[in-house]
Structures are given as structure tokens and as C-alpha cells.
Amino acid sequence: MKRMHVHVGVKDLEASIAFYSELFAAQPAVQKPDYAKWLLDDPRLNFAITQGHTDRGIEHLGIETDSSDELAEVYSRLERTESEVLEEGHTTCCYAKSEKSWIADPDGVLWETFHTSGEETVYGAHPKDKGLPASARPSNVCCPG
């Protein structure tokens, strides 16, 4: 089963954690000094916030998969769009070990597709440092590393 992913840059992490914990009626599943993530089942959502890495507001959207097979299925759909895809592969992003790819929609909205396989102790680097497609190089993207 897939899960929608939304990543938002915030000004005040603690205030944002309090706000979103109340909104979602849940505490973060992951909390770091600059990052928090909720893994919700209703709605099925991976919602993350980061302070200090990027501009405020929506950084990117994504589709998180439960398996490598689901990721391959989503990736095949990305290829059919005929847009440039950054196939990042195994990487560290947002304190997690993941396999991922990036693509931008026709208006430049950045989409991440990924499968997470474990935790990591570091946040990760920016995708622009990894050869993100020119059509998908906003100044406010989050991670991969």
C-alpha cells in the first residue's frame, strides 16, 4: 500500500510540532532537533517538517511505497511521463535509508518516489547536489544525500 508524502519547511519547529500534533491527534513518529515526521494511517500520510534546511512552505510531494516491488511499479509510471527522472537509488534522506527517484511535473512541482529501509543518524544532502533534473531545481528542496 502506498502513502502520500508531504514535506513542509517551518520557521519554528517546536510551535509547528505542537500545531501538527494537535491537528493530527498524534505525536511525531520521528523527532530530531531540526525535523519531525508523522506516519498517519487516517489519512494514510507521511507528513514531515524541517526547520533551517530550506524556505518555509511545501518543499515537495511524494509517494512512499511499502516495498521495492511497489517502488518499481511507481518508477515505471515515472518513465512513461517522458520527463527527466533523477534515479537516485540508495541514499540517506531525512534521517532514513531509502531508495528513491525524483521528477518534476510540467509546472516544476517536485515529486519524490521512495521506499524506506531503515533509520539513519544524519539528515542528508540536497538533491541539487546529486544532479536533479534542470526542470526540477527549485531552491527549496529537502534532502536526498
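Structure's up top.
Visitor: Would you mind showing me how to read the sheet that holds strand β1 (residues 3–10) here?
Guide: Sheet strands pair via backbone hydrogen bonds, and the direction of the pair is either parallel or antiparallel. With mixed pairing, eight strands are arranged side by side in an open sheet as β2-β3-β4-β1-β5-β8-β7-β6. The sheet is open, and its two borders are formed by β2 (30–32) and β6 (85–93), each paired with just one other strand. Averaged over all pairs of adjacent strands, the angle between strand axes in this sheet comes to 20°, irrespective of strand direction. Sheet analysis places β1 next to strand β4 (residues 44–51), joined by seven bridges and oriented parallel. Along β4, the bridge assignment pairs G9 with T50.

Visitor: I tried to follow the pattern of salt bridges on my own but got confused; where do I start?
Guide: Note on pairing: side chains with opposite charge can pair once their charged atoms come close. With the rule as written, the count across this model stands at seven salt bridges. Between R3 and E64 there is a salt bridge; the shortest N-O distance is 3.9 Å. With a gap of 61 residues between them, R3 in strand β1 and E64 in strand β5 (residues 57–65) connect regions that are remote in the sequence. Take R3 and E64: they sit in the same class, and that class is buried. Residue E112 is joined to K100 by a salt bridge in which the shortest nitrogen-to-oxygen separation is 2.3 Å.

Visitor: Explain helix α2 (residues 68–80) to me, please; I cannot follow it from the model alone.
Guide: Every α-helical turn comprises 3.6 residues, leaving residues that sit three or four positions apart pointing alike. Counted at 1.5 Å a residue, the expected span for α2 with its 13 residues is 18 Å, and the 19 Å between its end C-alpha atoms agrees. Within α2 the residues assigned to the buried category are E70, L71, V74, Y75 and L78. Buried residues of α2, viewed axially, fall in a sector of 135°; they line one side. In α2, the exposed residues that point more than 90 degrees away from the buried face are D69 and R80.

Visitor: Help me out: how do you make sense of unusual backbone geometry in this one?
Guide: Excluding glycine, residues mostly carry a negative phi; peptide bonds, for their part, are mostly trans. The peptide bond linking D42 to P43 adopts the cis configuration, its omega dihedral lying at 0°. Phi at A25 is positive, roughly 55°, even though this residue is not glycine. In this model, E82 sits at a positive phi of 65°, which is unusual for a non-glycine residue. In this fold, E82 is placed in the loop between α2 and β6.

Visitor: Any chance you could explain helix α1 (residues 13–24) here in plain terms?
Guide: Across its twelve residues, α1 extends 16 Å between first and last C-alpha, which sits within 8% of the 16 Å expected from 1.5 Å per residue. Among the residues making up α1, those that are buried are L13, S16, I17, Y20, S21 and F24. For α1, the arc enclosing every buried residue in end-on projection is 130°, short of the 170-degree limit, so these residues lie on one face. Exposed residues on α1 whose side chains face more than 90 degrees from its buried face are E14, E22 and L23. Where α1 begins, one side-chain oxygen reaches toward the backbone nitrogen of E14, 3.2 Å away; that side chain belongs to D12.

Cut-offs used in this document
- Residues numbered from 1 in each chain as written.
- Predicted model: local features only at pLDDT ≥ 70, side-chain atom pairs only at ≥ 80, totals over all residues.
- Heavy atoms only, no water.
- Pairing = 2+ DSSP bridges.
- Helix = DSSP H or I, 4+ residues; strand = E, 2+ residues; numbered from the N terminus.
- Axes fitted to C-alpha atoms, helices over the stretch in contact; angles between N-to-C directions.
- Salt bridge = Lys/Arg side-chain N within 4 Å of Asp/Glu carboxyl O.
- Buried < 20%, exposed > 50% of the residue type's maximum accessible area, 1.4 Å probe, protein only.
- Expected span 1.5 Å × (residues − 1).
- Arc of directions from axis to C-beta.
- Polar contact = N/O pair within 3.5 Å; in protein donor to acceptor, adjacent residues only side chain to side chain.

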